[in-house]
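Listed below are the residues making up each chain.
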Amino acid sequence: IEDDDYIVIEGIMDTELDLVNDMSHVNGYIKKKTILYTGTTNIEFGILDLLRAFRKIEGNEYELIICGTGNGDEEIQKSILEDKRITWKGFVSREEVLRLQKEATVLINPRRPDLEFTSYSFPSKTMEYLYSGTPVLMHKLRGIPDEYNPYINWFKSTNIEDISSLIIEVCDWSEQKREDYAIKTKEFIKNKKSVEPQGKKLFDFISSRF
């Protein structure tokens, strides 16, 4: 369809799920530095990179929580035996996922940018992650529009050391910086990616063709 008009709508966030109805998750919460991943734990989605990067981080104040199942579950279990700071919850309810996302220090998606399928990939959890108000760490996938750049902390590369370094850096953000980030990202999702603005974008596109 390269010779015709088209529009890409990467997702729609239901902001009626008010995930950030208070700021308690950024004010004095951080006793542990909690890295959270929620989603399919398939190896092709980068779960092994996440495990390796976390295990390079020193300090008992750090913990990694993984929610979800997939073909990488056996590797997760092996990592738990070698690093007691890792917790694997398997499949959990949506309510539990949303609670954990609010309470985490950082949210991470290790999906790599150098695989063919990720060229067309906009992980659906991206909007949910951002609307939680918790800092989001990801690789810059080709399927993620540039307008997300101010709201996502991108890894410099796929090197394990770079992933570990960014995790440590963002976990050390001040409370004020975390609060500012939470407000900014929630406003972005609500004003640009919720039902009304995304629906209007599609409506305006269709209307312009008739």
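Residues numbered from 1 in each chain as written. Predicted model: local features only at pLDDT ≥ 70, side-chain atom pairs only at ≥ 80, totals over all residues. Heavy atoms only, no water.

## Looking at the confidence of the model for the protein
For any part of a model where pLDDT is low, the fine detail of the predicted coordinates should not be relied upon. For the protein, per-residue confidence averages 90 on the pLDDT scale, and 92% of positions sit at 70 or higher. Note that pLDDT drops below 50 for residues 20–30; the model gives that stretch 27 contacts with residues more than four away or on any other chain. (pLDDT = per-residue confidence, 0-100. Contact = heavy atoms within 4.5 Å.)

## Let's talk about the environment of Lys56
Along the chain, Lys56 turns up in the loop between helix H1 (47–55) and strand E2 (62–67). Residues Lys56 and Lys102, spaced 46 residues apart in sequence, show a C-alpha to C-alpha distance of 25 Å. Lys56 has contacts with Ile160, Glu161 and Ser164, leaving out every residue within four places of it along the chain. (Helix = DSSP H or I, 4+ residues; strand = E, 2+ residues; numbered from the N terminus.)

## Brief notes about the packing of aromatic side chains
In the structure shown here, the tally under the stated rule is 4 aromatic pairs. Considering the side-chain rings of Tyr148 and Phe188, the 5.2 Å spacing of their centres and the 90° angle between planes classify their relative orientation as edge-to-face. Of this pair, Tyr148 sits in the loop between strand E5 (136–138) and strand E6 (153–154) while Phe188 is found in helix H6 (residues 175–192), placing the two residues 40 residues apart along the sequence. Overall, the relative accessible area of 0% leaves Tyr148 in the buried class. Measuring from ring centre to ring centre gives 4.1 Å for Tyr151 and Phe188, while their planes differ by 10°; the resulting arrangement is stacked. Note that Tyr151 is positioned in the loop between E5 and E6 and Phe188 in helix H6, a separation of 37 residues in sequence. This pair shows no difference in class: Tyr151 is buried, exactly as Phe188 is. Through a chain of ring-to-ring contacts, the aromatic side chains of Phe122, Tyr148, Tyr151 and Phe188 assemble into a single cluster. For Lys140, the ring lying beneath its charged end belongs to Trp154, and the centroid distance is 5.5 Å. (Phe/Tyr/Trp six-rings, centres within 6.5 Å; stacked < 30°, edge-to-face > 60°. Buried < 20%, exposed > 50% of the residue type's maximum accessible area, 1.4 Å probe, protein only. Lys NZ or Arg CZ within 6 Å of the ring centre and 35° of its normal.)

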